[in-house]
Amino acid sequence: MSAVMITRKVRKWEKLPGKNTFCCDGRVMMARQKGVFYLTLFLIVGTCSLFFAFECPYLALHLSPAIPVFAVLLFLFVIAMLLRTSFSDPGVLPRALPEEATFIEMEIEAANGNVPAGQRPPPRIRNVQINNQIVKLKYCYTCKIFRPPRASHCSICDNCVDRFDHHCPWVGNCVGKRNYRYFYLFTMSLSLLTIYIFTFDIVHVVMRSVDKGFLNTLKETPGTVLEVLVCFFTLWSVVGLTGFHTYLISLNQTTNEDIKGSWSGKNRVQNPYSHKNIIKNCCEVLCGPTYPSVLDRRGLMEEDASISATPVAPSSSSSTTTSSSSNPVPQTTKTTAPLIPNEHTPDDAKPSIAASAEKSPSPKEEHPPAKVPPLASPETDVETSIAKDKTH
């Protein structure tokens, strides 16, 4: 049994650390907890399907054909923004290589010096200046890097995310620098779609109730009650979330910074990223350039793999030759044939036995055996007895 080392090329996403799930050869990147995301998708698709099946035919006939058309466009936009937010890289920062991590550790030890026993080492922090404001860069013990400004480590995905906002289970991904605008557009368009469906559900019930009564209308359109309930409870949360993020965008602030009170704490530190103008802040967040991914998750890398090689069993015809050539230690073969031929031994086996006895003498033959008088054969005994009878 021997091991053979071979080198093969694999995609980098197959070896990336963290707790993410990749699909479509690394093009789709999500968190592992995707159950709530499927619930979100089911609620949106299910509610809109009921609206298209029960309300849209009646509203298109009695009000305007533009109502279902606008609903379809709004629905497609919501789904597109949801998938764009869920399937994209939020801005994950690559971890330090072993050589880089060792170099950073040496720099930290050289800067801090020897810490006496029993004392806690100082925090690993670097200070940088942004817009005349001192910002602290914290060291990540998992990724072995000093996180850039506004970055944070997500405990769910186990990755450092640039401009980390929060981890949203409803979209099944982190919200960061690369997908925040799509997340905001998703919440805003979903709010509009919810208001749109909720409004025309009420209009549909009112118009049918005038002719057939309220109870008959509910019997003819059973999906309307379910739509109204889903939209009513969804409306408050989605619209409230959209309003909160609108407030954050106007200040150029993230949810993580707002929760921690980074720019509104007791020290009253000013936000160095704000332009002191609502329009400029909104333009930077929503209309700024699209940042490329720094992971290169579909790039190629070499991986060493060991394969165990099993020798092929030799054939029966060449087994004796192979064993004798590969193993120089002589082997003794046990035989059931007698070593000395006698009358019970077949004639064809006597030469081979004699030859084998000559080739492989036993250890007892090293010393000459004692002389034993020959035994009389049966034929000699018969002749002796006949001679005695003649004598008598």
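Scroll up a little and you will see the structure.
Residues numbered from 1 in each chain as written. Predicted model: local features only at pLDDT ≥ 70, side-chain atom pairs only at ≥ 80, totals over all residues. Heavy atoms only, no water.

S.K.: Any details on the overall build of the protein? Residues and values, ideally.
M.R.: Counting its regular elements, the protein contains eleven helices and eleven strands. Residues counted as buried form 32% of the 392 residues belonging to the protein. Restricting to contacts in the protein with at least 6 residues of sequence separation, those with at least 24 account for 64%. Of the roughly 25500 Å² of accessible surface on the protein, 63% is carried by carbon and sulfur atoms. (Helix = DSSP H or I, 4+ residues; strand = E, 2+ residues; numbered from the N terminus. Buried < 20%, exposed > 50% of the residue type's maximum accessible area, 1.4 Å probe, protein only. Contact = heavy atoms within 4.5 Å. Areas by Shrake-Rupley, 256 points an atom, 1.4 Å probe, with all protein chains shown as cover.)

S.K.: Summarise the packing of aromatic side chains; cite the residues concerned and give the values.
M.R.: For the structure on display, the rule yields twelve aromatic pairs. Ring geometry for Phe52 against Phe75: centres 6.2 Å apart, planes inclined by 85°, an arrangement best described as edge-to-face. A residue pair is termed long-range when its members are at least 10 positions apart, and Phe52 in helix α1 (residues 35–62) and Phe75 in helix α2 (residues 66–86) qualify at 23 residues. When the ring of Tyr196 is compared with that of Phe200, the centres are 4.8 Å apart and the planes differ by 55°; the resulting orientation is tilted. Of this pair, Tyr196 and Phe200 are both found in helix α4 (residues 180–212), four residues apart, which corresponds to roughly one turn of the helix. (Phe/Tyr/Trp six-rings, centres within 6.5 Å; stacked < 30°, edge-to-face > 60°.)

S.K.: For the sheet that holds strand β6 (residues 145–146), give the residues involved together with the corresponding values.
M.R.: Strand order in this open sheet of three strands is β4-β5-β6, and the pairing throughout is antiparallel. A single partner strand is all that each edge strand has here, and the edge strands are β4 (125–130) and β6. (Pairing = 2+ DSSP bridges.)

S.K.: Now, about unusual backbone geometry: what can you tell me, with residues and values included?
M.R.: Excluding glycine, residues mostly carry a negative phi; peptide bonds, for their part, are mostly trans. If you check the backbone angles, Lys144 has positive phi at about 60° while not being a glycine. Mapped onto the fold, Lys144 is located in the loop between β5 (133–140) and β6. Residues other than glycine seldom take positive phi values, yet Arg150 does so here, at roughly 70°. Topologically, Arg150 is positioned in the loop between β6 and β7 (152–154). Here Arg150 falls in the buried class, since its relative accessible area comes to 15%.

Everything listed here is a matter of geometry and, on its own, says nothing about what the molecule does.
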